[in-house]
Amino acid sequence: MKYLSTLVNTLFLLSALLTGCSQSEADEASVEWAFALHGGAGTISQDLPDSVKQQYYDGLEQALRAGEVILRDGGSALDAVEYVVRSLEDNPLFNAGHGAVFTKEGKHELDAAIMDGTTLGAGALTGLTTVKNPISLARKVMTDSPHIFFSGEGAETYADQTDVERVENESFHTDRRYEQWQRAQEEARAITPEESIHDWIKDIKFGTVGAVAYDSDGNLAAATSTGGMTNKQFGRVGDVPIIGSGTFANHVAAISATGWGEQIMRNVSANTIANYMEFKGASLDEAMDFILNERLDPGDAGFIAVDHRGNISMKMNTTGMFRASLNSNGDRTVMIWENE
Ligand code: ASP
């Protein structure tokens, strides 16, 4: 398959020369594999202590390595996104798996989705309470069940039929998230009628993890996993497991979102990015700019995406987004804020 990919690239270069397409456009197709990941977007203060910043960078680097070893050895985009997301789910710094935020009732309810751009196969879950790595169960939903989306009790019952690791809901607890929840409850009580609930929601700490990948066989895949928003109401479903909103992959691009779920959902954001490229002939960067600047409001969201040529784009209209990317040419990024 690697030979096939080299042949396709050579043909592309030849056709680029014949059609007068620029060298840089031709070069865009020359990566063998590429992937990107995020650990959430939002108001991230630049005043974070260096030691804390370093912990985040280390977590992003660790997840980057998980994807690199898979794609470098010819592994699939699906494996890469699953294992990158697992690494972030296991890291208590990020709002997914261990480290997930608290609901209004003081519990953890997890959402996740995975999508295969080649087959349009997808698996999604909402309201999980005992599955250690929701993304791996989402993959099983995609491959082993005739359905796409399970919720709450049904999702837990589906998990019973698989070998995914189960844990007590309390094991997702971290002191940091607990304190954040306590503060969020106080702030919620303090909202005055003049204050818009929307202004307040925007200020709440969100967080999600996600990955997108392009493999050496030309497949695209996307995966996203989250604890949702702090102090969320029982049963609240965010954008993450809604295919086309927080997670989407097809033959054009693979996209994973983070930010204010309700806003991401009402703009069917991930699917809009892919459609904007397909129907308008726009580049990945242009499509990302369209959703962030023309559809969403400042402070709403961030996206990571990779297209069918292996181009990566990571953009947000928040102050920061934990993110990283790598491709087979060795282009590597690990960033939190806009300019670093
Ligand atoms: N989008 C997620 C949700 O609303 C949260 C986030 O990405 O920060 O559930």
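Refer to the structure presented above.
First, a word on what this report is: a plain description of the structure on this page.

What counts as what
Residues numbered from 1 in each chain as written. Predicted model: local features only at pLDDT ≥ 70, side-chain atom pairs only at ≥ 80, totals over all residues. Heavy atoms only, no water. Core = buried A, V, L, I, M, F, W, Y, C linked by side-chain atoms within 4.5 Å. Buried < 20%, exposed > 50% of the residue type's maximum accessible area, 1.4 Å probe, protein only. Contact = heavy atoms within 4.5 Å. Helix = DSSP H or I, 4+ residues; strand = E, 2+ residues; numbered from the N terminus. Expected span 1.5 Å × (residues − 1). Arc of directions from axis to C-beta. Salt bridge = Lys/Arg side-chain N within 4 Å of Asp/Glu carboxyl O. Phe/Tyr/Trp six-rings, centres within 6.5 Å; stacked < 30°, edge-to-face > 60°. Pairing = 2+ DSSP bridges. Axes fitted to C-alpha atoms, helices over the stretch in contact; angles between N-to-C directions. Patch = residues over 30% accessible without salt bridge, like charges linked within 9 Å, V, L, I, M, F, W, Y side chains within 5 Å. Areas by Shrake-Rupley, 256 points an atom, 1.4 Å probe, with all protein chains shown as cover.

## As for the nonpolar core
Okay, so step 1: Counting 51 residues, the largest nonpolar core has Phe 35, Leu 37, Phe 94, Ile 114, Leu 125 and Leu 137 as the members making the most contacts within it.
Okay, so step 2: Here Leu 37 is in contact with Leu 60, Ala 63, Leu 64, Val 84, Leu 88, Gly 210, Ala 211, Ile 304, Met 314, Phe 322, Arg 323 and Ala 324, once residues within four sequence places are set aside.
Okay, so step 3: Ala 41, Tyr 276, Leu 292 and Met 321 belong to the second-largest nonpolar core, a separate cluster that totals 39 residues.

## Looking at helix H7 (residues 175–189)
Okay, so step 1: An ideal rise of 1.5 Å per residue puts 21 Å on 15 residues; H7 measures up with 21 Å between its terminal C-alpha atoms.
Okay, so step 2: Taken together, the buried positions of H7 are Arg 177, Gln 180, Trp 181, Ala 184 and Gln 185. Each buried residue of H7 lies within a common arc of 140 degrees when the element is viewed along its axis, so the set occupies one face. In H7, those exposed residues whose orientation departs by more than 90 degrees from the buried face are Asp 175 and Arg 189.

## Section: the pattern of salt bridges
Okay, so step 1: Going through the model one piece at a time under the given rule, you end up with 11 salt bridges.
Okay, so step 2: Between Glu 61 and Arg 332 there is a salt bridge; the shortest N-O distance is 2.8 Å. Linking Glu 61 in helix H3 (residues 50–72) with Arg 332 in strand S12 (residues 332–337), this pair joins segments that are 271 residues apart in sequence.
Okay, so step 3: Residue Glu 61 is classed as partly exposed on the basis of its relative accessible area, which comes to 24%.
Okay, so step 4: By relative accessible area, Arg 332 is classed as partly exposed at 41%.
Okay, so step 5: Through salt bridges with shared partners, one network takes in Asp 79, Glu 82 and Arg 139.

## Things to note about unusual backbone geometry
Okay, so step 1: Look at Leu 120: it is not a glycine, yet its phi comes out positive at around 65 degrees.
Okay, so step 2: Looking at where Leu 120 falls in the secondary structure, it is placed in the loop between strand S2 (110–116) and strand S3 (122–128).
Okay, so step 3: Although it is not a glycine, Asn 231 sits at a positive phi angle of roughly 65 degrees.
Okay, so step 4: By the secondary structure assignment, Asn 231 is in the loop between strand S6 (220–226) and strand S7 (247–249).

## What about the packing of aromatic side chains?
Okay, so step 1: Tallied over the full model, the rule gives nine aromatic pairs.
Okay, so step 2: Residues Tyr 56 and Phe 322 carry aromatic rings whose centres are separated by 4.2 Å and whose planes lie at 15 degrees to one another, so their mutual orientation is stacked. With Tyr 56 in helix H3 and Phe 322 in strand S11 (residues 320–327), this residue pair connects regions lying 266 residues apart in the sequence.
Okay, so step 3: Residue Tyr 56 is classed as buried on the basis of its relative accessible area of 7%.

## Regarding the sheet that holds strand S10 (residues 312–316)
Okay, so step 1: The strand order across the open sheet formed by four strands is S7-S8-S9-S10, and the pairing between neighbours is antiparallel. Looking at strand neighbours, the two that pair on one side only are S7 and S10, the edges of this open sheet. On average, each strand axis in the sheet is inclined to that of its neighbour by 10 degrees, with strand direction left out of account.
Okay, so step 2: One ladder, built from five bridges, connects strand S9 (residues 301–307) with S10; its direction is antiparallel.

## Here's the deal with a nonpolar patch on the surface
Okay, so step 1: On the surface, Ile 148, Phe 149 and Val 237 cluster together into a nonpolar patch covering about 230 Å² of accessible area.
Okay, so step 2: Relative to the helices and strands, Phe 149 resides in strand S4 (residues 149–151).
Okay, so step 3: According to the relative accessible area criterion, Phe 149 is partly exposed, its value standing at 39%.

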